[in-house]
Amino acid sequence: MPTWRALTVGSAMTVSVTVMALFALDTADRLYPPPIGQARLVSTEILDRNGELLRAFATSDGLWRLKTTTEDVDPALIRMLLAYEDRRFERHVGVDPLALGRAAWQLLTNGRIVSGASTLSMQVARLIEPRRERSLTAKVIQIARALQLERRLSKQQILDLYLTHAPYGGNLEGVRAASLAWFGKEPKRLTTAQAALLVALPQLPERRRPDRFPDQALQARARVLDRAAEAKVLEQSEVALAAGAELPRQRRQLPAFAAHLAEAARRKAPLAEAHQTTILRPVQARLEQVAVEAVRELDPKVSLALLMADATTGEIVAEVGAASYFDASRSGWIDMTRAQRSPGSTLKPFIYGLAFEQGLVAQETIVEDRPADFFGYRPKNFDMHYQGDVSIRQALQLSLNVPAVRLLDGIGPSRLMVRMRRAEVRPVLPPNEAPGLAIALGGVGITLKDLVQLYAGLVNRDQPVQLGDGIREQAALLDEQPLFEPMAAWNIADILGAVLPPAGSPPAGIAYKTGTSYGYRDAWSVGYDGKYVLGVWIGRPDNAAVPGISGYATAAPVLFEAFAKSGLAGTPLPRAPGGAARLAQSDLPVSLRRFSTGTNGLVATSTRERPPQIVYPPEGAQIELGKDASGAFLPLIVKMQAGRAPFRWLANGKPMETSTRRRTGEWQPEGTGQSTLTVIDADGRAASVNIFIRS
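Predicted, not measured: the structure shown is a model, and the values here were computed from it. (Residues numbered from 1 in each chain as written. Predicted model: local features only at pLDDT ≥ 70, side-chain atom pairs only at ≥ 80, totals over all residues. Heavy atoms only, no water.)

### Quick notes on the overall build of the chain
- Counting secondary structure elements, the chain contains 19 helices and 22 strands.
- Looking at the 695 residues of the chain, the share that counts as buried comes to 52%.
- At a minimum sequence separation of 6, the contacts of the chain that also span at least 24 residues come to 70%.
- As displayed, the chain offers around 32,400 Å² of accessible surface, 53% of which is attributable to carbon and sulfur atoms. (Helix = DSSP H or I, 4+ residues; strand = E, 2+ residues; numbered from the N terminus. Buried < 20%, exposed > 50% of the residue type's maximum accessible area, 1.4 Å probe, protein only. Contact = heavy atoms within 4.5 Å. Areas by Shrake-Rupley, 256 points an atom, 1.4 Å probe, with all protein chains shown as cover.)

Now the structure itself:
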């Protein structure tokens, strides 16, 4: 009976002590919680669209501390870490009594510390709440904090904190930062030797640095490998192979791609830990290398910018604001993809596109390249020579100035500005000036980004796109009409796609245009295939002249080099629309054989005052049309010029559509054979052509 009573009293005392201990621990936990919030202070990361690191920013205290979870790390590293640091991590509550007992016994028998007893939970407690002194009090606090962490966090969360905060010497913290600094790669896939080194370094990060103390680093790595083999984590063959692996000889720089975009992203959301962009890191890296190599051949004060976008989505896949962000002589901190500059001749294709769309010209229409006076404006060609009579195709390929101004005079500068607004591009005019003919030669301000956006409208024929700012979900397809009708866009691509590459540049299967601004201040080149548009700008950020630069000789070689080295698969230019054909000059209607306007006394009357005339299809044309999946003929584009709007089209005497003010339309034949197309203008004047449809 006394024994029973003693047991009962003892059990009661044990329960009471346990309850009191738990109460005290709970009270301390509430009054003095662990500083877990401090552990969330990590480097801001800029990521590409696939989650690859483009750039990281150091924390406010100057540390490279990249957020790391077990999912970011090679599983072999986790197994070696637990085998080396804390074999009973999954079973203890923050403190390992067996390890404490072993460490105490070794201290008593040897008179010195032989092995530590710190669990990973205790190490995390020390990392997030560091203490300078190494005393019994500090150790007790560390143990208490470890117990608190175990109550608040899961084992997975504690391990993630260790992987993020483990010290690796200097200003490196965490496994990701260390792996990037020592091996130049993310820790997702590590060799056995690499994983073992990353496990060994945090114990004495400064004294085991492989670049400064390779012998100590080798010995520490060997101990990790031996411990892993002892715990059956590694086979002896793996250990032998890893033991012979070389150590990294120097610390690498962390990734630092897309510097200007990264800075802009951080300014946009300074508190965000990570910013997802639309950049493709491999493409970005290659284009940055192209830029670095290109500026070596340029004046020390000349900068260079590149921007590549997916024309089908509007997403920027690579953006180089300057060849080197830290190059003071080139003002590298200025993002020249967003700077307003004169575009030179790069807007000419859009003038020709309007002329094609309105039925004013065909590719083989003759236009004069001779000195002309447009009400006091006297444009001259880049080489100060004139070609005389040239075809529209030749005029655009040779980038002749006078023909482009003649076309713009016939179209109207305001109409060109309105069309560019369809693509959400608004070039900046000189103060207090209305749109004038100088636009044809670069008399407006435009950014490289906007220029690429304009050209994207030539690729994406269904609707123009608005480029994003490089941050995901910012790009958009514009809910507008196409930038040009498919036939006009095809004519531009057909002409520019036949321009020869610069000397020494490989063929790239692209259509491209160059431009040089007045006074040799800017050299441009913009090119596109069936999916991507790439723009190049070269010049001085201070807008000073750079004698000798030109779009063709300076910027175009960079364009072709960048396309060739981008690593992106080439996409053929968009197909020709149904009924597209490049007619010989002799096969054109009389009105399309030569372009003329009322300017300079060439023609006394405007083309708008003449009777309507069908310019496509021409009289007597035999046209072969494809069919869609249902077996119906694909529509045929019809064009007319002159006359007074509105117009009414008829096919074989039947109205094709309601009256329209447009000089182009679509007709879908019902069958093969002879057909007659007629257009009637507002004054009742008519024009007709007879054609033959084949399947």
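### What about the nonpolar core?
- Formed by 75 residues in total, the largest nonpolar core has its most connected members in Leu347, Phe350, Leu454, Tyr528 and Val533.
- For this core, the element with the most residues is helix H17 (residues 448-459), which contributes 8 residues.
- Residues contacting Phe350, with those up to four places away along its chain left out, are Leu416, Leu454, Tyr455, Leu458, Leu483 and Phe484.
- Judged by nonpolar contacts, the second largest core, of 54 residues, contains Tyr84, Ile158, Leu197 and Ala200. (Core = buried A, V, L, I, M, F, W, Y, C linked by side-chain atoms within 4.5 Å.)

### Side note on the sheet that holds strand E1 (residues 44-47)
- With respect to topology, 3 strands assemble into an open sheet ordered E2-E1-E5, the strand pairing being mixed. Every other strand in the sheet has two partners, leaving strand E2 (53-57) and strand E5 (274-276) as the edge strands with one partner each. Put simply, the sheet's adjacent strands are angled 15 degrees from each other on average, direction ignored.
- In this sheet, E2 lies alongside E1 in antiparallel orientation, the contact comprising 4 bridges. Bridge pairing in E2 links Glu45 to Ala56.
- Along the sheet, helix H11 (residues 259-268) contacts E1, E2 and E5; its crossing angle with E2, the most-contacted strand, is approximately 55 degrees. (Pairing = 2+ DSSP bridges. Axes fitted to C-alpha atoms, helices over the stretch in contact; angles between N-to-C directions.)

### Considerations on the sheet that holds strand E20 (residues 664-667)
- The strand order across the open sheet formed by 3 strands is E15-E17-E20, and the pairing between neighbours is antiparallel. If you trace the sheet from one side to the other, it starts and ends with strand E15 (613-616) and E20, each paired once. Between one strand axis and the next, the sheet turns through 40 degrees on average, direction left out of account.
- Both E15 and strand E17 (residues 636-641) contribute to a ladder of 3 bridges, which runs antiparallel. Counterpart to Gln613 in the pairing with E17 is Gln641.

### Let's talk about unusual backbone geometry
- At the junction of Tyr616 and Pro617, the peptide bond is cis and its omega measures out at 0 degrees in the coordinates.
- Checked against the element boundaries, Pro617 lands in the loop between E15 and strand E16 (622-624).
- A positive phi angle, close to 65 degrees, is found at Lys232, a residue other than glycine.
- Note that Lys232 resides in the loop between helix H9 (214-230) and helix H10 (236-243).
- Backbone geometry at Ser399 places phi at a positive 55 degrees, although glycine is not the residue there.

### Points about the side chain of Ser517
- Relative to the assigned elements, Ser517 resides in the loop between strand E12 (511-516) and strand E13 (522-528).
- Among the polar contacts listed, one links the side chain of Ser517 to the side chain of Asp522, at a separation of 2.7 Å.
- In this structure, Ser517 is in contact with Ser342, Gly344 and Asp522, ignoring residues within four places of it in sequence. (Polar contact = N/O pair within 3.5 Å; in protein donor to acceptor, adjacent residues only side chain to side chain.)

### Examining the packing of aromatic side chains
- Here the structure, examined in full by the defined rule, presents 6 aromatic pairs.
- On the numbers, 5.2 Å between centres and 80 degrees between planes, the contact of Tyr325 with Phe326 is edge-to-face.
- Residue classification places Tyr325 among the partly exposed residues on the basis of a relative accessible area of 22%.
- Here Phe350 and Phe484 contribute two aromatic rings whose centre-to-centre distance is 6.3 Å and whose plane-to-plane angle is 20 degrees, an arrangement assigned as stacked. Here Phe350 is found in helix H13 (residues 348-357), whereas its partner Phe484 is found in the loop between strand E11 (476-477) and helix H18 (486-496), with 134 residues between them in sequence.
- One aromatic cluster is present, formed by Phe350, Tyr455, Phe484 and Tyr528 through successive ring pairs.
- It is Lys155 that lies over the ring of Phe89; its NZ or CZ is 4.7 Å from the centre.
- Against the face of Phe57 rests Arg266, its NZ or CZ located 3.9 Å from the ring centre. (Phe/Tyr/Trp six-rings, centres within 6.5 Å; stacked < 30°, edge-to-face > 60°. Lys NZ or Arg CZ within 6 Å of the ring centre and 35° of its normal.)

### A closer look at the packing of helix H8 (residues 192-200) against H9
- Taken N-terminus to C-terminus, the directions of H8 and H9 make an angle of 105 degrees; their axes are 8 Å apart at the nearest point. In terms of axis orientation, H8 runs roughly perpendicular to H9. Side by side, H8 and H9 meet where Thr192, Ala193, Ala196, Leu197, Val199 and Ala200 of the first sit next to Ala217, Ala220, Arg221, Val224 and Leu225 of the second.
- Along the lines of polarity and charge, the residues of the contact of H8 with H9 split into 9 nonpolar, 1 polar and 1 charged. (Parallel < 35°, antiparallel > 145°, perpendicular 65-115°, else oblique. Nonpolar A, V, L, I, M, F, W, Y, C, P; charged D, E, K, R; others polar.)

### Some words on the pairing of strand E14 (residues 532-539)
- Across the 8 residues of E14, 8 count as buried, placing the element largely inside the fold.
- Residues Tyr532, Leu534, Val536 and Ile538 line one face of E14 and the alternating positions Val533, Gly535, Trp537 and Gly539 line the opposite face, and both faces are buried.
- In the sheet, strand E6 (residues 303-310) pairs with E14 via 8 bridges, with the strands oriented antiparallel. Residue pairing for E14: Leu304 is matched across the bridge by Ile538.

### Details of helix H7 (residues 175-183)
- In terms of residue burial, H7 counts as a mostly covered element, since 9 of its 9 residues are buried.
- Listing the buried residues of H7 in full gives Val175, Arg176, Ala177, Ala178, Ser179, Leu180, Ala181, Trp182 and Phe183.
- Gly184 lies just past H7 and shows a positive phi near 70 degrees.

### Here we look at the pattern of salt bridges
- This structure, assessed with the given rule, holds 30 salt bridges.
- With a closest N to O distance of 2.9 Å, Lys155 and Glu150 form a salt bridge.
- Put simply, Asp469 and Lys268 hold a salt bridge, and the shortest N to O gap is 2.9 Å. Residue Asp469 is located in the loop between strand E10 (465-466) and E11, and its partner Lys268 is located in helix H11; the two are separated by 201 residues in the primary sequence. (Salt bridge = Lys/Arg side-chain N within 4 Å of Asp/Glu carboxyl O.)

### Thoughts on H13
- Most of H13 sits inside the fold, with 10 of its 10 residues counted as buried.
- Just beyond H13, the residue with positive phi is Gly359, at close to 75 degrees.

### Details of the packing of H13 against helix H15 (residues 401-411)
- As a packed pair, H13 and H15 sit with axes 9 Å apart at the nearest point and diverge in direction by 50 degrees. On the basis of the axis angle, H13 is oblique to H15. Pair H13 / H15 crosses with left-handed handedness. Across the interface between the two elements, Lys348, Ile351, Tyr352, Leu354 and Ala355 of H13 pack against Asn401, Pro403, Ala404, Leu407, Leu408 and Ile411 of H15.
- Across the contact of H13 with H15, the residue classes tally to 9 nonpolar, 1 polar and 1 charged. (Left-handed = near helix turned anticlockwise from the far one by under 90°.)

### So, the environment of Val546
- Mapped onto the elements of the fold, Val546 is located in the loop between E14 and helix H19 (551-565).
- Residue classification places Val546 among the buried positions, given a relative accessible area of 9%.
- Along the sequence, Val546 and Lys301 sit 245 residues apart, while their C-alpha atoms lie 9.3 Å from each other.
- Not counting the four nearest positions on each side in its chain, Val546 is found in contact with Val302, Tyr520, Gly539 and Arg540.

### Quick notes on the confidence of the model for the chain
- Chain-level statistics for the chain give a pLDDT mean of 86 and a share of 88% at 70 or above.
- In the predicted structure, residues 598-608 sits below a pLDDT of 50 and forms 24 contacts with residues beyond four places in sequence or in another chain. (pLDDT = per-residue confidence, 0-100.)

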